[in-house]
Amino acid sequence: MSKEEDKFKNSKRRHADETAIKKQTKIAKAHGLTEQDKAIKEPHRMAKHHAMDCGRPGCMMCGNPRKTFNELTPQEKRLFQDTEAERDRHSNGLPPSEDQ
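Values in this document were obtained by computation on a predicted structure and should not be read as measured data.

Peer 1: Go over the environment of Thr-19, please, and point to the residues and values.
Peer 2: Here Thr-19 is to be found in helix H1 (residues 4–30). A C-alpha to C-alpha distance of 8.9 Å links Thr-19 and Ala-47, two positions 28 residues apart in sequence.

Following this line, the structure appears as structure tokens:
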């Protein structure tokens, strides 16, 4: 037998899925997808996929920015920054002034 807590968790999960589907369908309709498109015809496809994700790795919206634009991620930028320069830890990152 199921407990009340299990029933609540199940209904909460189902509600979250339905809400996500409604949001993605709304986004798809706002961007001009018609009733013949898969996103609108089969709305439960949107439970785990985004409406604007075309799936092409070279796409500007869907692709990896490291490969599309040849730029580093924020984590890589932090890794490669100059760490030997003296910086004031409590400021905005500028070198400490000499008059202080």
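Having seen it, we continue.
Peer 1: I'd like to hear about a nonpolar patch on the surface, residue by residue, with values.
Peer 2: Side chains of Met-60, Met-61 and Phe-69 sit close together on the surface and give an oily, nonpolar patch of about 380 Å² of accessible area. Here Met-61 is to be found in the loop between helix H2 (38–41) and helix H3 (65–68). Of the residues examined, Met-61 reaches a relative accessible area of 70% and is grouped as exposed.

Peer 1: Can you tell me about the side chain of Gln-24, naming the residues and giving the values?
Peer 2: Its location among the elements puts Gln-24 in helix H1. Ignoring anything within four residues of it in the chain, the contact list for Gln-24 reads Met-46, His-49, His-50 and Ala-51.

Conventions we followed
Residues numbered from 1 in each chain as written. Predicted model: local features only at pLDDT ≥ 70, side-chain atom pairs only at ≥ 80, totals over all residues. Heavy atoms only, no water. Helix = DSSP H or I, 4+ residues; strand = E, 2+ residues; numbered from the N terminus. Patch = residues over 30% accessible without salt bridge, like charges linked within 9 Å, V, L, I, M, F, W, Y side chains within 5 Å. Areas by Shrake-Rupley, 256 points an atom, 1.4 Å probe, with all protein chains shown as cover. Salt bridge = Lys/Arg side-chain N within 4 Å of Asp/Glu carboxyl O. Buried < 20%, exposed > 50% of the residue type's maximum accessible area, 1.4 Å probe, protein only. Contact = heavy atoms within 4.5 Å.

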